[in-house]
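Residues per chain are reported as follows:
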Amino acid sequence: MDLSSCKHLRFFGCHLNSMACKCVALFVIALVFRAALLFSFPGLGEVVQNSIVVTHKDSLSSNMELRTRKDKYLEVPQIVWGLNNQKIAFARACLTARMMNRTLLMPSLSSSLFYKEIDLLQPISFDKVFQFERFNSLCDGFVRLGRYSDLLNRTQVFELQKGSGRKWTIEKDLDQLREFSGEQYDAYEVIRIVGKNPFLWHDHWPVRDYAKVFDCLVLVEEILREADKVVSKIRETGRKVRSKAEFSQDTSNSKSLSSLPMPYVAVHMRIEKDWMIHCKKLEQRSNISQICSSKEEIMERVGNIVGLKTPMIVYLAVADSLLEDNSILNGWKEGLLPFEKKKLGVMGIYNKYPYLFQSAIDYEVCLRANIFVGNSFSTFSSLIALERTMRMNKMDITTSCGIDVTWPSYAYNILGESNGPQRWMTDMSDSSLRTISYGTENISC
């Protein structure tokens, strides 16, 4: 209706040729129009209020603001392989969703360890392993997880085929993500990425972005309680050893050793049959000789850690089902007391659970150790080193060179000081996660 043709009408007691009344009339028309929209699209009011969380993207484009929308979702394939491969794949899926301004639908993880027999993979919901609400709380404003029950299912799912092969370059992959982040795809509530496992997707994000996601991953209480039991058993064993040492010494003028917290060393001892096959092939392909380590080399280098006090409990984190060498408890330096699950008496804890839970318990035990020693070509070891580096950074510790620090990590496959393992802190300024995902011999303190 043309307002000029109605200038002689009266509206709420005033003529429409009054400027104030014209403003009132426009306001009323806008309200009527909004009411019509809400009547036609009942979910619109909720979307307007609750669908957008503004975040700031500090990678790819430092000045670009991202809107993490609660009403638009990204779905990814089932996440597979080892625990830490799955954590990396999950983080990459989260960062992909963030780049596309979408909420990541809670993915399925894999509780079993199969690499080729896809039909044997046992899916397990993310929230059976990690705390869902805690993740969203800790990562609020950065990335977000959603549940399938959140979907309104008002539109068809758009399937996005992920490229693969040598011709699918990192540049093409980035262009594809940018294209499907565009407004022309906002009509789709869900974009489903089909194709390969997210671990194999191209990497477009710096270590610090991945670290933010990893920092939000908290294991469910059941797993944490089981890890508590294992750590308590290790420390209890250490306390008994310390008590014997104290009894044999004159401690009348010194503080009782048994009154101090019981430290322990955790060694991620990669000598299982599947690892030895993999690492030898990797050494041949990459022409790097510092990937595989024999049990003798591991024992010698751990024993040469500078400043290591004895007696000391050494917990050996090893995949028992894949271990062919039963002599890993023999040959350690005097004062180092090695324990694996069976000798420690905790096999019953691990045997209750599938592979993924067992690995998660071991990860937590290694993470809490006073000293951690691993292999820099193992994703398990690399993510523990990363998380311990993050903890040191929060304490304003940026180097472990030549000083005693809390949460020290070492790589036994790299020769370090005094023929011991190389001190290891993650390079948090790295532009990608490649060295953590696939390993490197270039580590430092």
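Cut-offs and rules
- Residues numbered from 1 in each chain as written.
- Predicted model: local features only at pLDDT ≥ 70, side-chain atom pairs only at ≥ 80, totals over all residues.
- Heavy atoms only, no water.
- Helix = DSSP H or I, 4+ residues; strand = E, 2+ residues; numbered from the N terminus.
- Buried < 20%, exposed > 50% of the residue type's maximum accessible area, 1.4 Å probe, protein only.
- Contact = heavy atoms within 4.5 Å.
- Areas by Shrake-Rupley, 256 points an atom, 1.4 Å probe, with all protein chains shown as cover.
- Pairing = 2+ DSSP bridges.
- Axes fitted to C-alpha atoms, helices over the stretch in contact; angles between N-to-C directions.
- Disulfide = S-S within 2.5 Å.
- Expected span 1.5 Å × (residues − 1).
- Phe/Tyr/Trp six-rings, centres within 6.5 Å; stacked < 30°, edge-to-face > 60°.
- Lys NZ or Arg CZ within 6 Å of the ring centre and 35° of its normal.
- Parallel < 35°, antiparallel > 145°, perpendicular 65-115°, else oblique.
- Nonpolar A, V, L, I, M, F, W, Y, C, P; charged D, E, K, R; others polar.
- Polar contact = N/O pair within 3.5 Å; in protein donor to acceptor, adjacent residues only side chain to side chain.
- Salt bridge = Lys/Arg side-chain N within 4 Å of Asp/Glu carboxyl O.

### Notes on the overall build of the chain
For step 1, the next point in the chain: Assigned secondary structure in the chain consists of 14 helices and 16 strands.
For step 2, the next point in the chain: The burial tally for the chain puts 50% of its 445 residues in the buried class.
For step 3, the next point in the chain: The long-range fraction of contacts in the chain, counting pairs at least 24 apart against all pairs at least 6 apart in sequence, stands at 71%.
For step 4, the next point in the chain: For the chain, the computed accessible surface area is about 22,700 Å², with 53% contributed by carbon and sulfur atoms.

### So, the sheet that holds strand E13 (residues 336–339)
For step 1, the next point in the chain: Strand order in the open sheet made by the six strands is E13-E12-E11-E14-E15-E16, with mixed pairing throughout. Each edge of the sheet is formed by a strand with only one pairing partner; in this case those strands are E13 and strand E16 (421–423). Neighbouring strand axes in the sheet, compared pairwise and without regard to direction, differ in orientation by 30° on average.
For step 2, the next point in the chain: In this structure, strand E15 (residues 409–415) lies alongside E16, joined through three bridges in antiparallel fashion. Following the sheet pairing, Ala411 is matched in E16 by Gln422.
For step 3, the next point in the chain: Contacts between helix H12 (residues 355–368) and the sheet are confined to strand E11 (264–268), strand E12 (312–317) and strand E14 (371–374), with E12 contributing the most and set at about 150° to the helix.
For step 4, the next point in the chain: Helix-sheet contacts for helix H13 (residues 379–394) involve E11, E14 and E15, and the interaxial angle to E14 is about 150°.

### Examining the state of the cysteines
For step 1, the next point in the chain: According to the stated counting rule, one finds three disulfides in the structure shown.
For step 2, the next point in the chain: Residue pairing for Cys279: its cysteine sulfur links by disulfide to Cys292, the two sulfurs lying 2.0 Å apart. Between Cys279 and Cys292 the disulfide shows an S-S torsion of about 120°. By sign, it is right-handed. Here the residue Cys279 occupies a position in helix H8 (residues 273–286), and Cys292 occupies one in the loop between H8 and helix H9 (295–303), the gap between them amounting to 13 residues.

### A word on unusual backbone geometry
Where the residue is not glycine, phi is negative for most of them; where a peptide bond is considered, it is trans in most cases.
For step 1, the next point in the chain: Thr310 connects to Pro311 through a cis peptide bond whose omega is 0°.
For step 2, the next point in the chain: Secondary-structure assignment places Pro311 in the loop between H9 and E12.
For step 3, the next point in the chain: Despite not being glycine, Asn101 shows a phi value in the positive range, around 60°.
For step 4, the next point in the chain: Mapped onto the elements, Asn101 comes out in the loop between helix H3 (83–99) and strand E5 (102–105).
For step 5, the next point in the chain: When its relative accessible area of 11% is taken as the criterion, Asn101 is described as buried.

### Focus: H8
Since one α-helical turn is 3.6 residues long, residues separated by three or four positions face the same way.
For step 1, the next point in the chain: Compared with an ideal rise of 1.5 Å per residue, which puts 14 residues at 20 Å, H8 spans 20 Å between its outermost C-alpha atoms and is within 8% of the ideal.
For step 2, the next point in the chain: Positive backbone phi, at 60°, marks Asn287, one or two positions downstream of H8.

### Some points on the pairing of strand E10 (residues 190–194)
For step 1, the next point in the chain: Of the strand pairs in this sheet, strand E9 (residues 158–161) and E10 are connected by four bridges, and their pairing is parallel. Bridging from a neighbouring strand, Glu159 pairs with Arg192 of E10.

### Structural notes on the side chain of Glu387
For step 1, the next point in the chain: When you line up the elements, Glu387 lands in helix H13.
For step 2, the next point in the chain: Glu387 has contacts with Tyr363 and Leu367, leaving out every residue within four places of it along the chain.

### Digging into the packing of aromatic side chains
For step 1, the next point in the chain: In total, this model carries 13 aromatic pairs according to the counting rule given.
For step 2, the next point in the chain: Each member of the aromatic cluster is reached from another via a ring pair, and the members are Phe90, Phe126, Phe130 and Phe135.
For step 3, the next point in the chain: Lying across the ring of Phe132, Arg147 places its NZ or CZ 3.9 Å from the centre.

### Observations regarding the packing of H3 against H12
For step 1, the next point in the chain: Here H3 crosses H12 at 90°, and the two axes come no closer than 9 Å. Classified by the angle between their axes, H3 and H12 sit roughly perpendicular to one another. Counting all contacts with H3, which are made through Leu83, Asn84, Gln86 and Lys87, the residues of H12 involved are Tyr355, Leu356, Ser359, Ala360 and Tyr363.
For step 2, the next point in the chain: The residue inventory of the contact of H3 with H12, partitioned by class, reads five nonpolar, three polar and one charged.

### Looking at the packing of H3 against helix H6 (residues 207–214)
For step 1, the next point in the chain: Taken N-terminus to C-terminus, the directions of H3 and H6 make an angle of 105°; their axes are 9 Å apart at the nearest point. In terms of orientation, H3 lies roughly perpendicular with respect to H6. Contact with H3, carried on its side by Lys87, Ile88, Phe90, Ala91, Arg92, Cys94, Leu95 and Arg98, involves Asp209, Tyr210, Val213 and Phe214 of H6 and no other residues of that element.
For step 2, the next point in the chain: Among the residues forming the contact of H3 with H6, the class breakdown is eight nonpolar, no polar and four charged.

### Some details on the side chain of Asp203
For step 1, the next point in the chain: On the secondary structure map, Asp203 appears in the loop between E10 and H6.
For step 2, the next point in the chain: Within polar-contact distance, the side chain of Asp203 engages the backbone nitrogen of Trp205 at 3.1 Å.
For step 3, the next point in the chain: Among the polar contacts made by the side chain of Asp203, one reaches the main-chain amide nitrogen of Leu433 at a distance of 2.7 Å.
For step 4, the next point in the chain: With residues near it in sequence (within four places) discarded, Asp203 still touches Arg92, Ile170, Tyr210, Ser432, Leu433 and Arg434.

### Describing the pattern of salt bridges
For step 1, the next point in the chain: Using the criterion set out here, one finds 16 salt bridges in the structure.
For step 2, the next point in the chain: Two residues, Arg92 and Asp203, come together in a salt bridge whose shortest N-O distance is 3.7 Å. A residue pair is termed long-range when its members are at least 10 positions apart, and Arg92 in helix H3 and Asp203 in the loop between E10 and H6 qualify at 111 residues.
For step 3, the next point in the chain: For Arg92, a relative accessible area of 3% gives the class buried.
For step 4, the next point in the chain: Here Asp203 falls in the buried class, since its relative accessible area comes to 17%.
For step 5, the next point in the chain: A salt bridge links Lys162 to Asp173; the shortest N-O distance between them is 3.1 Å. In this pair, Lys162 is assigned in the loop between E9 and helix H5 (170–179) and Asp173 in helix H5, connecting sequence segments eleven residues apart.
For step 6, the next point in the chain: One salt-bridge network, in which partners are shared between bridges, spans Glu75, Glu159 and Arg192.

### Examining H12
For step 1, the next point in the chain: For H12, which comprises 14 residues, the first-to-last C-alpha distance of 20 Å matches the rise-based estimate of 20 Å (1.5 Å per residue) to within 8%.
For step 2, the next point in the chain: Here H12 lies mainly inside the structure; eleven of its 14 residues are buried.
For step 3, the next point in the chain: All of the buried residues along H12 are Leu356, Phe357, Ser359, Ala360, Ile361, Asp362, Tyr363, Glu364, Val365, Cys366 and Leu367.

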